[in-house]
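Now for the letters of each chain:
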Amino acid sequence: MAIVQSIMTTDDLDACLRLLGNQQRRQILRYLRRDPAGIATIEELIDVAAEAQGGSGSVRSGERDRLGVQLSHAHLPMLADRDVVTYDREDGTVQYRPDERIESVLDALAENTPQATF
């Protein structure tokens, strides 16, 4: 974590931790980082969230709708406000925008988490 602290202020670190304090947002960013183009559809991200809740096949339609609403109205706008993703509501796509500070905290969290989802 010393590396993280050396490249950002305490306020920056606090902002990163607030952004990454939610498991779904961490999953979204990990998924987008793995994609060579850093692009996914909302449906793909719903699948990612559903998989984390016990498998996309076991999640009912109403639950998928709830996940879609959470992504569209809470998580993706928050990530977009922080300029970590570009969220195009019209075509339903999300594009990752690399951020060294976010990535360093995300990596540090993954290293210190017993079982990271991604």
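Model, not experiment: these values are computed from the prediction. (Residues numbered from 1 in each chain as written. Predicted model: local features only at pLDDT ≥ 70, side-chain atom pairs only at ≥ 80, totals over all residues. Heavy atoms only, no water.)

## Overview of the overall build of the protein chain
Note the cut-off: Every helix listed is a DSSP run of H or I at least four residues long, and every strand listed is a run of E at least two residues long, numbered separately from the N terminus. Accessibility here uses a 1.4 Å probe with only protein chains present; expressed as a share of the type maximum, an area under 20% marks a residue as buried, one over 50% as exposed, and anything in between as partly exposed. Contacts are residue-level and defined by heavy atoms, with any inter-residue pair within 4.5 Å sufficient.
A tally of helices and strands in the protein chain yields six helices and three strands. Tracing the protein chain from N to C terminus, the helices and strands come up as α-α-α-β-α-α-β-β-α. Within the protein chain, the fraction of its 118 residues that count as buried is 40%. Long-range contacts, defined as pairs at least 24 residues apart, comprise 59% of the intrachain contacts of the protein chain with a sequence gap of at least 6.

## Regarding the packing of helix α2 (residues 10-20) against helix α6 (residues 100-111)
The relative placement of two packed helices is expressed as an angle between their axes plus a distance between the axes. Keep this limit in mind: To obtain an axis, a line is fitted to C-alpha atoms, over the contacting stretch when the element is a helix, and the angle between two such axes runs from 0 to 180 degrees between their N-to-C directions. Put simply, angles under 35 degrees are roughly parallel, angles over 145 are roughly antiparallel, angles from 65 to 115 are roughly perpendicular, and the rest are oblique. In this scheme, a crossing is called left-handed if the near helix is turned counterclockwise away from the far one by less than a right angle; it is called right-handed if the turn is clockwise.
Packing of α2 against α6 brings their axes to within 10 Å, and their N-to-C directions diverge by 60°. The orientation of α2 with respect to α6, classified from their angle, is oblique. Crossing angle aside, the handedness with which α2 passes α6 is right-handed. Residues D12, L13, C16, L17, L19 and L20 of α2 lie in contact with α6, whose contacting residues are R101, I102, V105, L106 and L109.

## What about the packing of helix α3 (residues 23-34) against α6?
What counts here: Think of it as three bins: nonpolar holds Ala, Val, Leu, Ile, Met, Phe, Trp, Tyr, Cys and Pro, charged holds Asp, Glu, Lys and Arg, and polar takes everything else, Gly as well.
Relative to each other, α3 and α6 sit at 105°, their axes nearing to 11 Å. Here α6 runs roughly perpendicular to α3, going by the angle between their axes. Listed contacts from α6 to R26, L29, R30 and R33 of α3 are I102, E103, L106, D107, L109 and A110. When grouped by side-chain class, the residues that make up the contact of α3 with α6 number five nonpolar, no polar and five charged.

## Digging into the pairing of strand β2 (residues 85-88)
For the record, the criterion: In short, DSSP must find at least two bridges between two strands for them to pair.
Burial of β2 is one-sided: the residues V85 and Y87 facing one way are buried, the residues T86 and D88 facing the other way are not. The sheet contact formed by β2 and strand β3 (residues 93-96) spans four bridges and is antiparallel. Within β3, the position partnered with Y87 by the bridge is V94. Where β2 folds back onto β3 in an antiparallel hairpin, the turn is made up of four residues, including G92, whose phi is positive at roughly 70°.

## Here's the deal with unusual backbone geometry
Positive phi, normally seen in glycine, also occurs at D83, with a value near 60°. Relative to the elements of secondary structure, D83 occurs in the loop between α5 (61-81) and β2. Overall, D83 belongs to the partly exposed group, its relative accessible area being 47%.

## A look at α6
Rules: What a helix is expected to span follows from its residue count: subtract one and scale by 1.5 Å. N or O atoms closer than or at 3.5 Å make up a polar contact, with two conditions inside protein: a donor-capable atom paired with an acceptor-capable one, and, for residues adjacent in sequence, both atoms drawn from side chains.
Taking 1.5 Å per residue, twelve residues should reach 16 Å; α6 reaches 16 Å between its end C-alpha atoms and fits that length. Within α6 the residues assigned to the buried category are I102, E103, S104, V105, L106 and A108. Capping the start of α6, D99 holds a side-chain oxygen 2.9 Å from the backbone nitrogen of R101, two or three residues further along.

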